[in-house]
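# Chain and residue survey
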Amino acid sequence: MFVRSTGALCFGRKRGDMTKLQAKSFDIPKQLVWEAYRKVAANKGAPGVDEETLREFEADLKNNLYRIWNRMSSGSYFPPPVRAVEIPKPHNRGVRLLGVPTISDRVAQTVVAMYLGERAEPRFHPDSYGYRPGKAAWDAVGACRQRCWNYDWVIDLDVQKFFDTVPWHLVVKAVEAVTDCRWVLLYVRRWLAASLQMPDGALVERDKGTPQGSAASPILTNLFMHFAFDIWLARRFPDCPFERFADDAVVHCRTRRQAEEVMAAITERMEQVGLRLHPDKTRIVYCKDGKRRGRHEHTSFTFLGFTFRARGARSKNGRRFSSFLPAMSTDALQAKGDELRKMRIHRRTNLTLDDLARWLNPIVRGWMNYYGKFYRSAMYSLLLRVSSYLKRWAAKKYRRLRTHKSFQQWWAGLIDRQPGLFAHWKWIRAAYWPAA
């Protein structure tokens, strides 16, 4: 059972039931389980194979958290299968398998992830950006942009099927380099070996890989790549800086010859640790711009949803020039456009304008906060599509607004009355929208 203590739910026994607790195999702090639950609750997420939602889990929260702690502390916790969800890749390039653990298993994994993270964080390389406190993807993009101005060549790395092929024994070895805690190693091994339940219900046993999407996967990925890539590259090629986010990385080189040498070494290194670079997606890129006018097969690359290539820029004194810059990628634009289409905004005529704003603004603002960090004009076409859908919504909801003139009058009046109603109006002039 739980009792309230110092403002949080804690484990305890009912008054009158003071029988001595049986000694546990592992000393796992109860507060750690509570903090893990809070993180899981904040992230929400879909149910796992047991189809239990977060709301259903919280209906019996005390007993559920006690059960997790009790089983983990006694060594009797065994993870259930992970539900596999197929996520389509852009442009019909197949599907990506995402692993969805149960709510209980997510809490248990987060307990281990928090324990490991506290001990591993001081060791990590400063250019490892994925899933780390105080670091974000746009920090990696910003560092990459700066280095592309100073280094003429880039190695765009793509590890083929990382989450499907990473060797278990090396993952465990990386964990052992950080901690010798027996319960952490026990549960890491059990989670690695947990079976996958495919969409058709079939259970698939695995002998390598870690499901992408599980709570423990980010810290395990960072630990593995820290030893397999980060410190190896920093030691072998100290004059070639890099940015890495999980299994996605970019390496900077001074010359093409150096880039070829480094790429060959990385290819060999990945094979040594049981991985393989994608033969088509891994490439050497020349950072061509107004000052670097050489020729090469590849003069652009995409990293974390941003495409780096030569783009028009303007200096502080107003002079125009060409610079190697990141902007929202075409794939990202298409993916967000597909999301907009699936939202069927124009058909939500049961909603008011305020309802639409409350629904759309967090989504659109999230896109703006991320993709608008660099070269924001690249995403203006996406934001204009939001306005187009709003026009279609207004025409469906109000018959009087179906003519172009009447809509324009209504739209202009709306802007005057509520200029900050929709988030994207901050960047797109509210009166500027594509004609039907």
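Residues numbered from 1 in each chain as written. Predicted model: local features only at pLDDT ≥ 70, side-chain atom pairs only at ≥ 80, totals over all residues. Heavy atoms only, no water.

### Thoughts on the overall build of the chain
Within the chain, the regular secondary structure consists of 14 helices and 13 strands. Oriented by its inertia axes, the alpha-carbon framework of the chain measures out at about 80 × 65 × 45 Å. Residues classed as buried in the chain amount to 50% of the 436 residues present. Look at the contacts in the chain between residues 6 or more apart in sequence, and 68% of them connect residues 24 or more apart. Of the roughly 22,900 Å² of accessible surface on the chain, 49% is carried by carbon and sulfur atoms. (Helix = DSSP H or I, 4+ residues; strand = E, 2+ residues; numbered from the N terminus. Buried < 20%, exposed > 50% of the residue type's maximum accessible area, 1.4 Å probe, protein only. Contact = heavy atoms within 4.5 Å. Areas by Shrake-Rupley, 256 points an atom, 1.4 Å probe, with all protein chains shown as cover.)

### Some points on the state of the cysteines
Enumeration according to the criterion identifies zero disulfides in this entry. Cys253 supplies the cysteine sulfur nearest to Cys240, a cysteine that is in no disulfide, at a spacing of 4.0 Å. (Disulfide = S-S within 2.5 Å.)

### A few points about the pattern of salt bridges
Evaluation of the coordinates by the stated rule reveals 13 salt bridges. One salt bridge connects Asp230 with Arg244, and the closest N-O pair in it is separated by 2.8 Å. Separated by 14 residues along the polypeptide, Asp230 in helix 9 (residues 217-236) and Arg244 in strand 8 (residues 242-245) bring together distant segments of the chain. Asp230 sits in the buried class, given a relative accessible area of 0%. What makes Arg244 buried here is its relative accessible area of 0%. Where Asp338 meets Arg341, a salt bridge forms, and the shortest distance between an N and an O atom there is 3.0 Å. Of this pair, Asp338 and Arg341 both sit in helix 11 (residues 330-343), separated by three residues, roughly a single helical turn. Ionic contacts of the salt-bridge type, sharing partners, join the residues Asp127, Arg147 and Glu243 into one network. (Salt bridge = Lys/Arg side-chain N within 4 Å of Asp/Glu carboxyl O.)

### Some details on unusual backbone geometry
Excluding glycine, a negative phi dihedral is what most residues carry, and trans is how most peptide bonds are arranged. Backbone geometry at Ala246 places phi at a positive 60°, although glycine is not the residue there. Along the chain, Ala246 falls in the loop between strand 8 and strand 9 (248-253). At Leu304, a residue that is not glycine, the phi angle is positive and equals roughly 55°.

### Let's talk about the sheet that holds strand 3 (residues 82-88)
Taking strand neighbours across the sheet as the criterion, the four strands line up as 4-3-6-7 in an open arrangement whose pairing is mixed. Where the open sheet ends on each side, the last strands, each with one partner, are strand 4 (95-100) and strand 7 (203-204). Here strand 3 pairs with strand 4 via six bridges, running antiparallel. What sits directly across from Glu86, in strand 4, is Leu97. (Pairing = 2+ DSSP bridges.)

### Considerations on the confidence of the model for the chain
Of all residues in the chain, 92% attain a pLDDT of 70 or more, and the chain-wide mean is 90. Considering each helix and strand of the chain separately, the mean pLDDT is smallest for strand 1 (residues 2-5), with a value of 43, and largest for strand 10 (residues 283-286), with 98. The low-confidence segment residues 1-8, where pLDDT is below 50, has 23 contacts with residues more than four positions distant or belonging to other chains. Contacts for the low-pLDDT stretch residues 13-21, under 50 throughout, to residues beyond four places or in other chains number five contacts. (pLDDT = per-residue confidence, 0-100.)

### Quick look at helix 7 (residues 168-176)
Among all positions in helix 7, only Trp168, Leu170, Val171, Val172, Ala174 and Val175 are buried. Where helix 7 is buried, its residues meet helix 4 (103-120), helix 8 (182-193) and helix 9.

### Notes on the packing of aromatic side chains
Tallied over the entire structure, the rule returns 27 aromatic pairs. With a centroid separation of 4.8 Å and 40° between ring planes, the pair formed by Trp153 and Tyr286 is classed as tilted. Of this pair, Trp153 sits in strand 5 (residues 153-158) while Tyr286 sits in strand 10, placing them 133 residues apart in sequence. With respect to class, Trp153 is no different from Tyr286; both count as buried. (Phe/Tyr/Trp six-rings, centres within 6.5 Å; stacked < 30°, edge-to-face > 60°.)

### Some words on the sheet that holds strand 10
In spatial order, the strands read 8-9-5-10; together these four strands make up an open sheet with antiparallel pairing. Taken across any chain shown, the strands that pair with only one partner, and hence form the sheet edges, are strand 8 and strand 10. If you compare each strand with its neighbour and ignore which way they point, the axes differ by 20° on average. Against the sheet, helix 9 contacts strand 5, strand 8 and strand 9, and its axis sits at roughly 170° relative to strand 8. Strand contacts of helix 10 (residues 256-272): strand 5, strand 9 and strand 10, with the helix running at about 20° to strand 5, the strand carrying the most contacts. (Axes fitted to C-alpha atoms, helices over the stretch in contact; angles between N-to-C directions.)

### Considering helix 3 (residues 61-74)
Three- or four-residue spacings in an α-helix give side chains the same orientation, since the helix completes a turn every 3.6 residues. With 14 residues, helix 3 extends 20 Å between its outermost C-alpha atoms, agreeing within 8% with the 20 Å of an ideal straight helix rising 1.5 Å per residue. All of the buried residues along helix 3 are Leu61, Asn64, Leu65, Tyr66, Ile68, Trp69, Met72 and Ser73. Of the residues one or two after helix 3, Gly75 is the one with positive phi, at around 80°. (Expected span 1.5 Å × (residues − 1).)

### Considering the environment of Leu304
Within the fold, Leu304 resides in the loop between strand 11 (301-303) and strand 12 (306-314). Take Leu304: its relative accessible area is 17%, and that puts it in the buried class. Counting along the chain gives 166 residues from Leu304 to Trp138, while the straight-line C-alpha distance between them is 8.2 Å. Residue contacts for Leu304: discarding those within four places in its chain leaves Ala137, Ala140, Val141, Phe245, Asp248 and Tyr370.

### Things to note about the side chain of His298
Topologically, His298 is positioned in the loop between strand 10 and strand 11. Within the structure, the side chain of His298 is placed 3.5 Å from the side chain of Arg283, a separation counted as a polar contact. When near neighbours in sequence (up to four residues on either side) are disregarded, His298 contacts Arg283, Ile284, Val285 and Tyr286. (Polar contact = N/O pair within 3.5 Å; in protein donor to acceptor, adjacent residues only side chain to side chain.)

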